[in-house]
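Summary of the model geometry
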Amino acid sequence: MLNNTSKEDQPDLINDGMARSFSRRKFFGIMGAGTAVMITAAACRKEMHSPGKGNNSSVDLGSGDVGVLNYAYALEQLEAAFYVKVVASPYTQMSPMEKSYLTDIRDHEIAHREFFKAALSTKAIQSLEVDFSAIDFTDRNSVLGTAKAFEDLGVSAYNGAGQLLSNPDYLTLAGKIVSVEARHAAWIRDMVTAGSFADMTAVDSNGLDKARSPQEVLSIAGAFLKTKINASNLPTS
Amino acid sequence: MNLQNILSEIEKTDPEVYDRLDTRRSAMKSFAKTSGKIALASIPFALGSMFQKAYSSPSAPTDLILDTLNFALTLEYLESNFYIRAVASAIAPSADAMSALTVIRDHENEHVIFLKTAITAAGGTPVSFTADSFDFTAKGTFPDVFSNYGLMLAVAQTFEDTGVRAYKGQAPNLISNNDYLTAALQIHSVEARHAAHIREMRKTANLLIPAGVDVKPWITLDQSGIATSVVQPSYDGEQNVTQAGVAITNIGGHNISASAASEAFDEPLTKDQIVAIVTPFFA
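Computed from a prediction, not measured in an experiment: that's the story for all the values here. (Residues numbered from 1 in each chain as written. Chains lettered and ligands numbered in written order. Predicted model: local features only at pLDDT ≥ 70, side-chain atom pairs only at ≥ 80, totals over all residues.)

**Let's talk about the overall build of chain B**
Across its full length, chain B holds ten helices and two strands. In chain B, which comprises 283 residues, the share counted as buried stands at 47%. (Helix = DSSP H or I, 4+ residues; strand = E, 2+ residues; numbered from the N terminus. Buried ≥ 20, exposed ≤ 12 C-beta atoms within 10 Å, placed from the backbone.)

Written out as structure tokens, the structure reads:
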């Protein structure tokens, strides 16, 4: 479980109340201007958006840190489902080394998915329904091209989501995962085009990787999901 | 509203207000930057936020952010100077290897420039190092680091994996500032891309030390794939298979080995741990 043992005033995934609807720093920042009552009212209203509500065709990620973690859980579900299928039905002429590393990656993504599911517990969104109809799992280019897109997307998603988190412990957890996604991205890129692990399509002229907002990420990932994802209650900063 | 008058009033009761706000110049710059983006009616919010930042902890977060950025800049100087030497040594055995080292060198240079600019813009003073600041033999531990290709890659791998752990450990220090936090994360994942590729280069060149060890793009348990125990502090702790109290091995009834569970999560290091690791590389 994600419990806070060190800082009692931080939102807790199990016992969080109002605080999880917006970041702690913003709360205190606004308190300084003496408008706490108005903001608190807004927070209570926002609290009604609890995660996981919806039917089989749509899901609400929820708000606050829980919403951000559910967002990560959604992306990990997508990645894990993809690699499960890649390993279960290998493309033509998958080399032993590729098979071995793609199996590693599958296991990493399953570990990420199951971690979020366990940590979020009752706050976790449902299992998502994927749509891989655009992918030819028998074709190396189709599979590795999709893998490259997923990994780069995952890296940019975590990079963009860090600032949406209030609890530093969750930021560290996200950091533990994103660098592994970046390792995946680098290796898959090199399998697609040797030496493209961090080329100019991935890294800008300041030497920075991409950072995407949940809206940008979900507009791309949505093409691979039958379940519609509602991210409208996520924090925006 | 006259911000200057407000600051003067506070100064009468709290002479250290400008220290708390870092400096008057950066306080004004910070406010100007913020107020430029928001509607006039929101200015009290921004002011409240600015003062909250100054008073919310014993040492102002601004100082913490600048210290953190300067620590990152120090590590980027280390990496940048290492790859400048590595590329100049021309010991890379292939055009592909040379190209990869050049790509990485350029990124590290870009990180140095980016962080210098960010620190200056925030009203801080960037740390500064030159080629003479470094000793890449690590006080004689790696005497032929720029003439032994396998050793050079082993040191590069250690720097990259260590850099990833350093940014991961420092990120919470930046949580109060979205811009700096996001930029640090954007550097962090690039270091991880470098680490993965250097690891591949070691494997491709069949220059793992000792021969027969395996190295993958991701870190398995606390294995470095490098013979000397000198680098082990860069890998200690990576064997962790429990995250936020959740056991990852065989999680959810899935067949996840301890190796895969450790690979799936990279681990942070503290500033003190990082300093201990990199200190031998400073002259």
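After that view of the structure, there is still more to cover.
**Overview of the overall build of chain A**
Secondary structure assignment for chain A yields seven helices and two strands. Ordered by position in the sequence, the α and β elements of chain A form the string α-α-β-α-α-α-α-α-β. The 237 residues of chain A split such that 50% are buried. The long-range share in chain A, meaning contacts at least 24 apart out of those at least 6 apart in sequence, stands at 72%. (Contact = placed C-beta atoms within 7 Å.)

**A few points about the packing of helix 6 (residues 168–192) of chain A against helix 8 (residues 178–204) of chain B**
The contact between helix 6 of chain A and helix 8 of chain B brings their axes to 8 Å, and the two run at 50°. By the angle between their directions, the pair helix 6 of chain A and helix 8 of chain B is classed as oblique. Two packed elements cross with a definite hand, and for helix 6 of chain A against helix 8 of chain B that hand is right-handed. Between helix 6 of chain A and helix 8 of chain B, the contacting residues are Gly175, Val178, Ser179, Ala182, Arg183, Ala185, Ala186, Trp187 and Asp190 of chain A on the first element and His188, Ser189, Ala192, Arg193, Ala195, Ala196, His197 and Glu200 of chain B on the second. Tallied by class, residues from the contact of helix 6 of chain A with helix 8 of chain B come to eight nonpolar, five polar and four charged. (Axes fitted to C-alpha atoms, helices over the stretch in contact; angles between N-to-C directions. Parallel < 35°, antiparallel > 145°, perpendicular 65-115°, else oblique. Left-handed = near helix turned anticlockwise from the far one by under 90°. Nonpolar A, V, L, I, M, F, W, Y, C, P; charged D, E, K, R; others polar.)

**Points about the interface of chain A and chain B**
Each partner contributes residues to the interface: chain A has 53 residues there, and chain B has 59 residues. Of all the secondary structure elements, the ones that give two or more residues to the side of chain A that touches chain B are helix 1 (24–31), helix 4 (96–120), helix 5 (140–161) and helix 6 of chain A. The greatest single-element share of the side of chain A that touches chain B, amounting to 16 residues, is contributed by helix 6 of chain A. Residues belonging to the side of chain A that touches chain B are distributed by class as follows: 28 nonpolar, 16 polar and nine charged.

**Here we look at helix 6 of chain A**
Because the α-helix completes a turn every 3.6 residues, residues three or four places apart line up on one side. Counted at 1.5 Å a residue, the expected span for helix 6 of chain A with its 25 residues is 36 Å, and the 36 Å between its end C-alpha atoms agrees. Of all 25 residues in helix 6 of chain A, 21 are buried, a share of seventy percent or more. (Expected span 1.5 Å × (residues − 1).)

**Structural notes on the confidence of the model for chain B**
Mean pLDDT over chain B works out to 84, with 77% of the residues at or above the 70 mark. Segment residues 1–61 of chain B is flagged for pLDDT under 50; beyond a separation of four residues in sequence, or across chains, it makes 52 contacts in the model. (pLDDT = per-residue confidence, 0-100.)

**Focus: the nonpolar core**
Ala174 of chain A together with Ala184 of chain B are the most contacted members of the largest nonpolar core, which has 134 residues in total. Broken down by element, this core gets its largest block of residues, 14 residues, from helix 3 (residues 64–88) of chain A. Here Ala174 of chain A is in contact with Ala72, Tyr158, Ala161, Gly162 and Leu165 of chain A, once residues within four sequence places are set aside. (Core = buried A, V, L, I, M, F, W, Y, C linked by C-beta atoms within 7 Å.)

**A look at the confidence of the model for chain A**
Looking at chain A as a whole, its pLDDT mean stands at 84, while 76% of the residues score no less than 70. Taken as a whole, residues 3–48 of chain A scores under 50 in pLDDT and shows 65 contacts with residues more than four places along the chain or in a different chain.

**Here's the deal with the environment of Asn109 of chain B**
Residues and elements named next belong to chain B. Inspection of the secondary structure puts Asn109 in helix 6 (residues 95–121). For Asn109, a count of 18 C-beta atoms within 10 Å gives the class partly exposed. Considered as a pair, Asn109 and Tyr83 are 26 residues apart in the sequence and their alpha carbons are 9.3 Å apart.

**Concerning the environment of His111 of chain B**
Structurally, the position occupied by His111 of chain B is in helix 6. Residue His111 of chain B is classed as buried on the basis of its C-beta count, with 26 C-beta atoms lying within 10 Å. For the pair formed by His111 of chain B and Leu75 of chain B, sequence separation is 36 residues and the distance between their alpha carbons is 9.9 Å. Residues within four places of His111 of chain B in sequence aside, it is in contact with Gly207 of chain A together with Glu76 and Ile187 of chain B.

**What about unusual backbone geometry?**
Phi angles above zero are rare outside glycine, and Gln93 of chain A is one such case at about 60°. As for its placement among the helices and strands, Gln93 of chain A is situated in the loop between helix 3 and helix 4.

**Examining the environment of Ala185 of chain A**
Position of Ala185 of chain A relative to the elements: it lies in helix 6. Counting along the chain gives 33 residues from Ala185 of chain A to Asp152 of chain A, while the straight-line C-alpha distance between them is 5.9 Å. Once residues within four sequence positions are removed from consideration, Ala185 of chain A is found in contact with Glu151, Asp152 and Val155 of chain A together with Arg193 of chain B.

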